[in-house]
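# Tertiary structure, described
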Amino acid sequence: MPTSEKTDKSSPSRASSPRTPYHWLTKVLFGLIGLAVAVAAGVLLTVAVALAMAYPNLPDVSELADYRPKLPLRVYSAEGALLGEFGEERRTLTPIQEIPKVMTDAVLAIEDTRFFEHGGVDYKGIVRAVLANLGAGGKSQGASTITMQVARNVYLSSEKTFTRKIYEVLLTFKLEHLLTKNQILEIYMNQIYLGNRAYGFAAASEAYFGKPLKQISIAEAAMLAGLPKAPSAYNPISNPKRARSRQLYIIERMEENGFITSADAVQAKQEQLKISSGSNNTRVHAEYVAEMARQLIYAQYGAEAYTRGINVYTTLNAGEQEAAYTALRKGIMDYERRQHYRGPERFITLPQDPEEQENAIDDVLANHPDNGNVMSAVVLDANPRKIVATRADGEKFEITGDGLKPAQSGLSDKAPPNTKLRAGAVIRVVKTPKNTWEITQLPEVEGAFVALDPKTGAIRALVGGFDFGKNKFNHVTQAWRQPGSSFKPFIYSAALEKGFSPATMINDAPIFFSAGTTGGQPWEPKNYDSRYDGPMSMRTGLNKSKNMISIRLLQAVGPKYGQEWVTRFGFDADKHPPYLTMALGAGSVTPMQMAAGYSVFANGGRRVNPWLITRITDHKGRVLSEFQPQPLEQLPEAIPPRNAFIMNSMLQDVARVGTAARAQATLKRPDLYGKTGTTNDSVDAWFGGFQPTLAAVTWIGYDTPRNLGSRETGGGLSLPIWIDFMQHALKGVPVAELPVPPGVVNVGGEWFYEEFARNAGVSTLGAPEGATEGSPSAPPAAEERNRILDLFRN
């Protein structure tokens, strides 16, 4: 057929035509696509199965809607100054609306710029992070969103596994579904660990800058925002260079994202930050008080006290507390300057290589940290006229002239090796008021100071020792020591009830008792200065702190009566055996007991119990418990008001012309009352005293009792500390005049109980009738001697 033939000639058969390379390429391409789709489907199916299996095992995140992290126990002064913080996690729970915008902007700039745009997983951010990792020299922004970090930090471990990542993504979606963006951001800002025991940015601001979060600047916010990535690597205390580098990068990110202007960025980069370098950022030194409060709260709440955010408000006055801390340390260091130099704390070999030498100095000073203003240093060179030393910060300085005097023996050619000052010696130094350096040493002696409101017993200031880190023993409440002559006022108070008056003439003459008459050791009490001045008034006897006067008074009233009387002031009867030695303060008291005892005089005769805690609240400020002191007139009467009044008139004289005359001479006000105390062999030095609005007691001594020095007394050691404190505490306090209570009269310029006036009471004791002050000293009469001996025989 022609047509068929034509067709066959013009169109070759398909079966016989050759295949093109494009046909095979297309086939291979579609095959790879199909394989990829199959693999992807398999992966998605596997992930779907994994998610289906994992989702039911996810933790319940609904509790985050009422976010309650571990919050530490905090102790505050009456004004709200932080005194102490206890708990593994240092955290201040801060609502999102109270977190300054500059802080959230800094965090968003570096951690999750698109936080308010994505749904928990930032897919664009993941791509951007991959590219950043390839070309940003390590300064990547990371792929984890803030929500993912919350899921990980709250519920998951830090291990890097595929399974954990699945759980993290699932939790992220669950959190985004349950919580608002602001809730998630609030949890992150409070939960994240930022080093130095600080959790959350509010705690970190206090830890690193010593200021509330609301006061931070752009530069400070950028520094804090750099911590979440690696708190140890970017810690501004331990790694300031790396921290600074990351801070600058974050400031740039804030500018790029429009959170700050270019001018803001320039200013922030130039700002010099003040980093708190110490581990203890407590601004008020009240470590002993904070520990007292901690023990009380732990006894009530157990371990929960450290996690539920309890706030404890104390009676402490922050300004008076700081004044007490400074005064006690100054008094102890003044005493230390008079002691023999005990030598350097350690010796090291200084390498010749400068870098190795710097490392060796850093290592040894890390083990000998500063103790407040008593700083550690390493000697680089020493001779009798000059010491060159260096501190941990690399600062080199010289000690010359008077600054060498406290350690002159260590600079002598004949100094033994253990006290010789030479290169490599680890020493202590202080800055003088003239801004020069002085060599010193950490004291071995201890001290205590406590001040009370005498009308309520509220503790206004308490320092339990030289340094809490060095010695945690609270000498105010735990040290039982002999009070010496500071106990005499309580014996004099007993005598007033037995007919004695400040005008009673008493013989200041020696008494000796042999071993045969006492049934034990011979006893020959002496006056402190070994002088005996003959007959003198009871008032003069207290002014001069005459031991013979006190012994005769106690003998006259009876030791048993004296023992019972002192318990009215809060002293323990079993700590004060009914013997004549009680008249010399040979019993045992604590400084807290002495402060409470002197408060009885100060408030007109009422017994007070010292107390510390005013209220306890939870982290939201809800009151858990509160203490209201009784009004003064409802407190139990310890001694009659007229007894307190006459005792105060004598104690005022002690502070005016007696052993404590330095008090009124320095403070220039008449309403000061008190008594010095030095025990036998100068083992304990005391001063107890008051102004009607404030009673305070100071004690100095060694933990293992030993002689303070032949010339060391309560008037020279403890009184100056009391004066330094009162100079601060009494500023602006008007001079107080004590009202004259019923039952007392003034005859010839002296105060008497009304019924004992005009020679109706005891006019003389151990002195001839008609004796006057300044009469020749007379030995004790036989009758008096026999009465005293009867006390030993019984």
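Residues numbered from 1 in each chain as written. Predicted model: local features only at pLDDT ≥ 70, side-chain atom pairs only at ≥ 80, totals over all residues. Heavy atoms only, no water.

### Thoughts on the sheet that holds strand 13 (residues 459-463)
- Spatial strand order, 13-12-20-19-18: five strands in an open sheet with antiparallel pairing. The sheet is open, and its two edges are formed by strand 13 and strand 18 (673-678), each paired on a single side. Between one strand axis and the next, the sheet turns through 5 degrees on average, direction left out of account.
- Bridge analysis of strand 18 against strand 19 (residues 684-691) gives six bridges, and the strand direction is antiparallel. Residue pairing for strand 19: Lys-675 is matched across the bridge by Gly-688.
- Across the sheet, helix 21 (residues 591-602) touches strand 12 (446-452), strand 13, strand 18, strand 19 and strand 20 (694-701), and the angle it forms with strand 12 is around 35 degrees.
- Contacts from helix 22 (residues 641-654) reach strand 18 and strand 19 within the one sheet, and its direction differs from that of strand 18 by about 65 degrees. (Pairing = 2+ DSSP bridges. Helix = DSSP H or I, 4+ residues; strand = E, 2+ residues; numbered from the N terminus. Axes fitted to C-alpha atoms, helices over the stretch in contact; angles between N-to-C directions. Contact = heavy atoms within 4.5 Å.)

### A few points about the pattern of salt bridges
- The final tally for this structure, using the stated rule, is 37 salt bridges.
- Among the ionic pairs, Asp-533 bridges to Arg-531, the shortest N-O distance being 3.6 Å.
- The exposure class of Asp-533 is partly exposed, given its relative accessible area of 22%.
- Arg-656 serves as the salt-bridge partner of Asp-653, at 3.0 Å between the closest nitrogen and oxygen. (Salt bridge = Lys/Arg side-chain N within 4 Å of Asp/Glu carboxyl O. Buried < 20%, exposed > 50% of the residue type's maximum accessible area, 1.4 Å probe, protein only.)

### Some remarks on a negative patch on the surface
- On the surface, Asp-353, Glu-355, Glu-356, Glu-358, Asp-362 and Asp-363 cluster together to form a negatively charged patch.
- Here Asp-362 lies in helix 14 (residues 354-366).
- Residue classification places Asp-362 among the partly exposed positions, given a relative accessible area of 31%. (Patch = residues over 30% accessible without salt bridge, like charges linked within 9 Å, V, L, I, M, F, W, Y side chains within 5 Å. Areas by Shrake-Rupley, 256 points an atom, 1.4 Å probe, with all protein chains shown as cover. Lys, Arg positive; Asp, Glu negative; His and termini not counted. Charge placed at Lys NZ, Arg CZ, Asp CG, Glu CD.)

### A few points about the nonpolar core
- Among the nonpolar cores identified, the biggest contains 119 residues, and Trp-722 and Phe-725 are the most heavily contacted of them.
- With nine residues, helix 13 (residues 318-337) is the single largest residue contributor to this core.
- Those residues in contact with Phe-725, other than ones at most four positions away along the chain, are Glu-320, Ala-323, Ala-324, Ala-327, Phe-449, Ala-451, Ala-461, Leu-694 and Ala-696.
- Formed by 48 residues, the second largest nonpolar core is a distinct cluster that contains Phe-201, Ala-221, Leu-227 and Met-254. (Core = buried A, V, L, I, M, F, W, Y, C linked by side-chain atoms within 4.5 Å.)

### Regarding a nonpolar patch on the surface
- Together, Val-28, Leu-32, Leu-35 and Val-39 make up a nonpolar patch on the protein surface, roughly 380 Å² of accessible area in all.
- Turning to its location among the elements, Val-28 is positioned in helix 2 (residues 21-54).
- Using a relative accessible area of 49% as the deciding quantity, one classes Val-28 as partly exposed.

### Considerations on the pairing of strand 7 (residues 375-383)
- Alignment of strand 7 against strand 10 (residues 425-431), held across four bridges, turns out to be antiparallel. If you follow Ser-376 over to strand 10, its bridge partner there is Arg-428.
- Pairing analysis gives five bridges linking strand 7 to strand 8 (residues 386-390), with the strands arranged antiparallel. When the bridges of strand 8 are listed, Ala-382 appears paired with Ile-387.
- Following strand 7, the chain reverses through two residues before pairing antiparallel with strand 8.

### Points about the sheet that holds strand 23 (residues 764-765)
- On the basis of which strands lie adjacent, the open sheet formed by three strands has the order 15-14-23 and mixed pairing. Both outer strands of the open sheet, strand 15 (534-537) and strand 23, are each paired with one neighbouring strand and no more.
- The pairing of strand 14 (residues 505-508) with strand 15 spans four bridges and is classified as antiparallel. Its bridge partner lying in strand 15, Asp-508 is registered against Gly-534.
- Running at roughly 120 degrees to strand 14, helix 19 (residues 547-557) makes contact with strand 14, strand 15 and strand 23 of the sheet.

### Details of the packing of helix 10 (residues 240-256) against helix 11 (residues 262-270)
- At a minimum axis separation of 9 Å, helix 10 and helix 11 run at an interaxial angle of 170 degrees. Looking at the two axes, helix 10 sits roughly antiparallel to helix 11. Each of Arg-244, Leu-248, Ile-251, Glu-252 and Glu-255 in helix 10 lies in contact with helix 11, whose residues at this interface are Ser-262, Ala-265, Ala-268 and Lys-269.
- Taken together, the residues of the contact of helix 10 with helix 11 sort by class into four nonpolar, one polar and four charged. (Parallel < 35°, antiparallel > 145°, perpendicular 65-115°, else oblique. Nonpolar A, V, L, I, M, F, W, Y, C, P; charged D, E, K, R; others polar.)

### Examining empty space enclosed by the protein
- In total, this model carries three cavities of 30 Å³ or more according to the counting rule given.
- Approximately 40 Å³ is the volume attributed to the second largest cavity.
- Every residue lining the second largest cavity is listed: His-285, Ala-286, Glu-287, Tyr-288, Gln-321, Tyr-325, Leu-462, Val-463, Gly-465, Phe-466, Asp-467 and Phe-468.
- Those elements that place two or more of their residues in the lining of the second largest cavity are helix 12 (287-301), helix 13 and strand 13.
- The class makeup of the residues in the lining of the second largest cavity is seven nonpolar, three polar and two charged. (1 Å grid on protein atoms, 1.4 Å probe; cavity = no way out; pocket = protein on both sides within 12 Å on 5 of 7 lines; lining within 4 Å. Points joined across faces, edges and corners; volume = space filled by probe spheres on them.)

### Here's the deal with the environment of Val-657
- The topology assignment puts Val-657 in the loop between helix 22 and helix 23 (662-667).
- Given a relative accessible area of 49%, Val-657 falls into the partly exposed group.

### Brief notes about the confidence of the model for the chain
- Averaged over the chain, the pLDDT score is 87; the fraction of residues at 70 or greater is 85%.
- Note that residues 1-17 has pLDDT below 50 and, in this model, zero contacts with residues that lie over four places away or in other chains.
- In this model, residues 136-141 is a region of pLDDT below 50 whose contacts with residues beyond four sequence positions or in other chains number 11 contacts. (pLDDT = per-residue confidence, 0-100.)

### Overview of the packing of aromatic side chains
- Evaluation of the coordinates by the stated rule reveals 21 aromatic pairs.
- Ring geometry for Phe-487 versus Phe-571: centroids 5.1 Å apart, planes at 65 degrees, classification edge-to-face. Taken together, the positions of Phe-487 in the loop between helix 15 (475-478) and helix 16 (488-496) and Phe-571 in the loop between helix 20 (559-567) and helix 21 put the pair 84 residues apart, joining distant regions of the chain. No difference in accessibility class separates Phe-487 from Phe-571, as the two residues are buried.
- Pairwise contacts between aromatic rings join Phe-487, Phe-490, Phe-569, Phe-571, Tyr-598 and Phe-601 into one cluster.
- Between Arg-246 and the ring centre of Tyr-234, over which it is positioned, the NZ or CZ distance is 5.1 Å.
- Lying across the ring of Trp-480, Lys-575 places its NZ or CZ 4.5 Å from the centre. (Phe/Tyr/Trp six-rings, centres within 6.5 Å; stacked < 30°, edge-to-face > 60°. Lys NZ or Arg CZ within 6 Å of the ring centre and 35° of its normal.)

### A word on helix 13
- The first and last C-alpha atoms of helix 13 sit 29 Å apart over 20 residues, in line with the 28 Å expected at 1.5 Å per residue.
- When you tally the buried positions in helix 13, you get 14 out of 20 residues, the bulk of the element.
- Capping the start of helix 13 is the job of one residue whose side-chain oxygen sits 3.1 Å from the backbone nitrogen of Gly-319: Asn-317. (Expected span 1.5 Å × (residues − 1). Polar contact = N/O pair within 3.5 Å; in protein donor to acceptor, adjacent residues only side chain to side chain.)

### A look at unusual backbone geometry
- In this structure, Lys-668 is a non-glycine residue whose phi angle is positive, near 60 degrees.
- One non-glycine residue, Asn-759, lies in the positive phi region at around 65 degrees.
- Looking at where Asn-759 falls in the secondary structure, it is placed in the loop between strand 22 (750-753) and strand 23.
- Residue classification places Asn-759 among the exposed residues on the basis of a relative accessible area of 71%.

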